[in-house]
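Observations on the three-dimensional arrangement
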Amino acid sequence: MPVRRIAILSVGLFFFLLPALFLPAMSWGATLSVNPLDPGAYADFQTAIDDAEGGDIIEVADGTYTGALNKNLSFGFNVGNIILRSENGAAHTIIDCEGVGRGIEFGFGNDGIVLEGFTIQNGVAASGGAINCAGSSQTIRNCVFTNNIGEWGGGISVSYTASPHIESCVFENNTAESGGGLYSSGSPT
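Description of the structure in this document. (Residues numbered from 1 in each chain as written. Predicted model: local features only at pLDDT ≥ 70, side-chain atom pairs only at ≥ 80, totals over all residues. Heavy atoms only, no water.)

1. Quick notes on the side chain of serine 136
Checked against the element boundaries, serine 136 lands in the loop between β11 (131–134) and β12 (139–141). What makes serine 136 buried here is its relative accessible area of 1%. A polar atom in the side chain of serine 136 sits 2.8 Å from the backbone oxygen of glycine 107. Of note is the side chain of serine 136, whose polar atom sits 2.5 Å from the side chain of glutamine 138. (Helix = DSSP H or I, 4+ residues; strand = E, 2+ residues; numbered from the N terminus. Buried < 20%, exposed > 50% of the residue type's maximum accessible area, 1.4 Å probe, protein only. Polar contact = N/O pair within 3.5 Å; in protein donor to acceptor, adjacent residues only side chain to side chain.)

This is the structure:
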């Protein structure tokens, strides 16, 4: 009988230790910094987004961000589970669309993205002057949407099967034919 007990113990120990063999190969995600004043960081949003992978955090320094690579932001197709957050909140980190284009486009496959702590202002687009959510689910929290214009959703447009969770956000002075602050044909909470 002792031989049998040792064999069971060996098999049990093997399955207990098996996950530890794969730990070094697992990626826990990186933190990418956006700060135009730091030569070791990304100078703009879109370049950092393009380099990000699932599990990564993009942390943005204080400032007002303008220009082509800081608006009309897109995560691409089937890229999700990324956190995009400001260092010190919406009062200190502003995406200014300058009256041309929207802030962010969340498309199909962009599930699990978290957007936290930004002011998005002066966006202009047919669907969602600040943000357009089409067919995916994100968390949008602690953001301010101001002076954005859209035909459907001055601040945010939610369409198709999109179901973003919008939490502790402020909508002010946004205009649209339908839904000045938010327009939805999806399922936001």
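Now that the structure is up, let's keep going.
2. Describing the sheet that holds strand β6 (residues 93–96)
Strand order in the open sheet formed by 5 strands is β3-β6-β9-β13-β17, and the pairing between neighbours is parallel. Only two strands of the sheet have a single partner each, and these edge strands are β3 (63–65) and β17 (170–172). Taking each pair of neighbouring strands and ignoring which way they run, the sheet shows an average axis angle of 15°. Across 3 bridges, the pairing between strand β9 (residues 119–121) and strand β13 (residues 144–146) is parallel. Within β13, the position partnered with threonine 119 by the bridge is valine 144. (Pairing = 2+ DSSP bridges. Axes fitted to C-alpha atoms, helices over the stretch in contact; angles between N-to-C directions.)

3. A closer look at the sheet that holds β12
Whether parallel or antiparallel, the strands of a sheet pair through hydrogen bonds between backbone atoms. Across the sheet, which stays open at both edges, the 6 strands sit in the order β1-β2-β5-β8-β12-β16 with parallel pairing between neighbours. The open sheet has two free edges, formed respectively by β1 (31–34) and β16 (165–167), since each of these has just one partner strand. This sheet shows a mean twist of 15° between the axes of neighbouring strands, independent of strand direction. In terms of strand pairing, β1 meets strand β2 (residues 57–60) through 4 bridges, oriented parallel. Residue pairing in the sheet places threonine 31 in a bridge with isoleucine 57 of β2.

4. Structural notes on the packing of aromatic side chains
What the rule picks out here adds up to 5 aromatic pairs. Centroid distance phenylalanine 45 to tyrosine 65: 5.1 Å. Interplanar angle 85°. Geometry classified as edge-to-face. With phenylalanine 45 in helix α2 (residues 45–51) and tyrosine 65 in strand β3, the pair connects residues that are 20 residues apart, well separated along the chain. Exposure remark for tyrosine 65: the relative accessible area of 3% places this residue in the buried category. Here a set of aromatic residues connected by ring pairs shows up, and it is made of Phe45, Tyr65 and Phe118. (Phe/Tyr/Trp six-rings, centres within 6.5 Å; stacked < 30°, edge-to-face > 60°.)

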